[in-house]
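Residue-level structural notes
Each chain, letter by letter, is given below.
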Amino acid sequence: MKLRYSYRLYPAPAQRAALARAFGCARVVFNDGLRIRQQAHAAGLPYPTDAELSARLTTAKATPERAWLGEVSAVVLQQALADLNAAYRNFFASLTGKRQGPKMGPPRFRSRKDHRQAARFTANARFKVLPNGKLRLPKIGDVPARWSRPLPSEPSSVTVIKDSAGRYFASFVIEAEPGILPEAEPAVGLDLGLTSFAVLSDGRKITAPRFLRRAEKKLRRRQRDLSRKQQGSRNRDKARVQVARAHARVGDARRAFHHQLSTALIRETQAVAVEDLAVTGLARTRLAKSVYDAGWSSFVNMLEYKARLYGRQFHRIGRFEPTSQMCSACGAKDGPKPLHVRSWQCQQCGMWLDRDINAAVNVAKAAGLAVTACGAQTRPGAMPRAPRSEAGTLPKPRREAA
Ligand SMILES: [Zn+2]
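Residues numbered from 1 in each chain as written. Predicted model: local features only at pLDDT ≥ 70, side-chain atom pairs only at ≥ 80, totals over all residues.

1. What about unusual backbone geometry?
Of note, the phi angle at K139 is positive, near 60°, even though the residue is not glycine. Inspection of the secondary structure puts K139 in the loop between β4 (135-137) and β5 (141-143). The exposure class assigned to K139 is partly exposed, which follows from the 17 C-beta atoms found within 10 Å. (Helix = DSSP H or I, 4+ residues; strand = E, 2+ residues; numbered from the N terminus. Buried ≥ 20, exposed ≤ 12 C-beta atoms within 10 Å, placed from the backbone.)

Right, here's the structure in full:
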């Protein structure tokens, strides 16, 4: 299974200039190749093959107009063509229905104004992680890096990225070995929500950590500042950079939180069930903003790949299950309840139920997992407090005395 590992890079000014050249050359090669194919298509000529594009790149480098392509590693240029070929392959596969998921458009021209600039080096470009911790990139130099976690194995390629906040990253693709984890608790259902980030069928409620909430608050403030600045002013430019930085910080904090929580969940349970969020469907509704902000889909994807990596079960249940309308103890359906109703008593069996935990238990049951409904039980009027989870492990189950 292939996984991506990203690390922050701190290139010196001369290295930043060399990287800018590499990004620029990769972009030109990509765009040249795209233009050749578009022109051939418009003229009714056969589709230029990957090999033809590669040959034309070699001839172009010999011309005065494109001689400067020789200033960057040849591998970067080949990889730009490989990106173009992959984009075309995905597009064709999507057209013929061979590729699942949303329809892909044809490749588009890259712009120097794109928020993300990237160039890829493969192993035969002889990039190297040096003993002094720097990353050696051909024709760039030895770039200082922060290794936030060890690389688990020899990477086959590295993509150097500059994001919209002006930060540099090295992103490695690594073939990860399946891990072995000790046997754990049998199963847990998960209800993802807005009041708590996640509620577990055993009664635990997990809110986003404080550093993330703080970063989000700052981002909102910066966005408000930006909207008040005059169009085209210098102050607006400055505010835009600040928003990009705040965005990047929120993204980092959120990713860290999702990693921590998904790892803890997979470590502690044999099977995890979540509701299929069908985010694209929800996105059209009023909830859209909060859905994207909460980043549920990236969290669920992490859960899924970690489950696969460690041999745990992962279940997604369909949206049609009325998880919030059904009593998790006796299965009675008593219809939809407005959002402000946080707990209620089942008319059938008389149990008092916490809305979110009840939903989480129903998610687990819909996936065929054996969980008990006792976590969903609550005392009338008393709501369990959402514990703050700042640490690496999950909070211990909280059971309200019945
Ligand atoms: Zn009931």
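Still to come is the rest of the account.
2. Remarks on the pairing of strand β7 (residues 157-162)
With burial as the criterion, only one face of β7 is covered, namely that bearing V158, V160 and K162; the residues S157, T159 and I161 on the opposite face remain uncovered. With six bridges joining them, strand β2 (residues 117-122) and β7 adopt antiparallel strand pairing. Residue pairing across strands places F121 opposite V158, the latter belonging to β7. Sheet analysis places β7 next to strand β8 (residues 168-175), joined by six bridges and oriented antiparallel. Bridged to K162 within β8 is Y168. Hairpin connection of β7 to β8: five residues between the antiparallel strands, including G166 at a positive phi of 80°. (Pairing = 2+ DSSP bridges.)

3. Focus on the sheet that holds β2
Within the open sheet, the five strands sit side by side as β2-β7-β8-β1-β6. Their pairing is antiparallel. Edge strands, defined here as strands with exactly one partner in the open sheet, are β2 and β6 (145-146). Where strand β1 (residues 2-9) and β6 come together, two bridges link them in antiparallel fashion. Along β6, the bridge assignment pairs R8 with R146. Those strands touched by helix α1 (residues 13-42) are β2 and β7, and its axis lies near 90° from that of β2. (Contact = placed C-beta atoms within 7 Å. Axes fitted to C-alpha atoms, helices over the stretch in contact; angles between N-to-C directions.)

4. What to know about helix α4 (residues 210-228)
Relative to the 27 Å expected for 19 residues at 1.5 Å per residue, α4 spans 28 Å between its end C-alpha atoms, a close match to the ideal helical length. Taken together, the buried positions of α4 are occupied by L212, A215 and L219. Looking straight down α4, one finds that the buried residues subtend no more than 60° of arc, so they occupy a single side. Exposed and oriented more than 90 degrees from the buried face of α4 are R210, K217, R224 and R228. On its buried face, α4 is in contact with α5 (234-268). (Expected span 1.5 Å × (residues − 1). Arc of directions from axis to C-beta.)

5. As for the sheet that holds strand β3 (residues 128-129)
Pairing is antiparallel in the open sheet, where three strands are placed in the order β3-β4-β5. With partners counted over all chains shown, the strands left at the sheet margins are β3 and β5, one partner each. As judged from the three bridges shared by β4 and β5, these two strands associate in the antiparallel manner. Bridged to L135 within β5 is V143.

6. Some thoughts on the packing of helix α2 (residues 50-61) against helix α3 (residues 74-95)
Where α2 contacts α3, the axes come no closer than 11 Å and their chain directions differ by 150°. Classified by the interaxial angle, the pair formed by α2 and α3 is roughly antiparallel. The two elements α2 and α3 meet at a crossing, and its hand is right-handed. Two secondary-structure elements touch here, α2 through D50, L53, S54 and L57 and α3 through L77, L81 and N85. Broken down by class, the residue content of the contact of α2 with α3 amounts to four nonpolar, two polar and one charged. (Parallel < 35°, antiparallel > 145°, perpendicular 65-115°, else oblique. Left-handed = near helix turned anticlockwise from the far one by under 90°. Nonpolar A, V, L, I, M, F, W, Y, C, P; charged D, E, K, R; others polar.)

7. Considerations on helix α9 (residues 355-366)
Taking 1.5 Å per residue as the helical rise, α9 with its twelve residues ought to reach 16 Å, and the 16 Å between its terminal C-alpha atoms agrees with that figure. Most of α9 sits inside the fold, with eleven of its twelve residues counted as buried. Once α9 finishes, G368 follows within two positions and takes phi at roughly 80°, a positive value.

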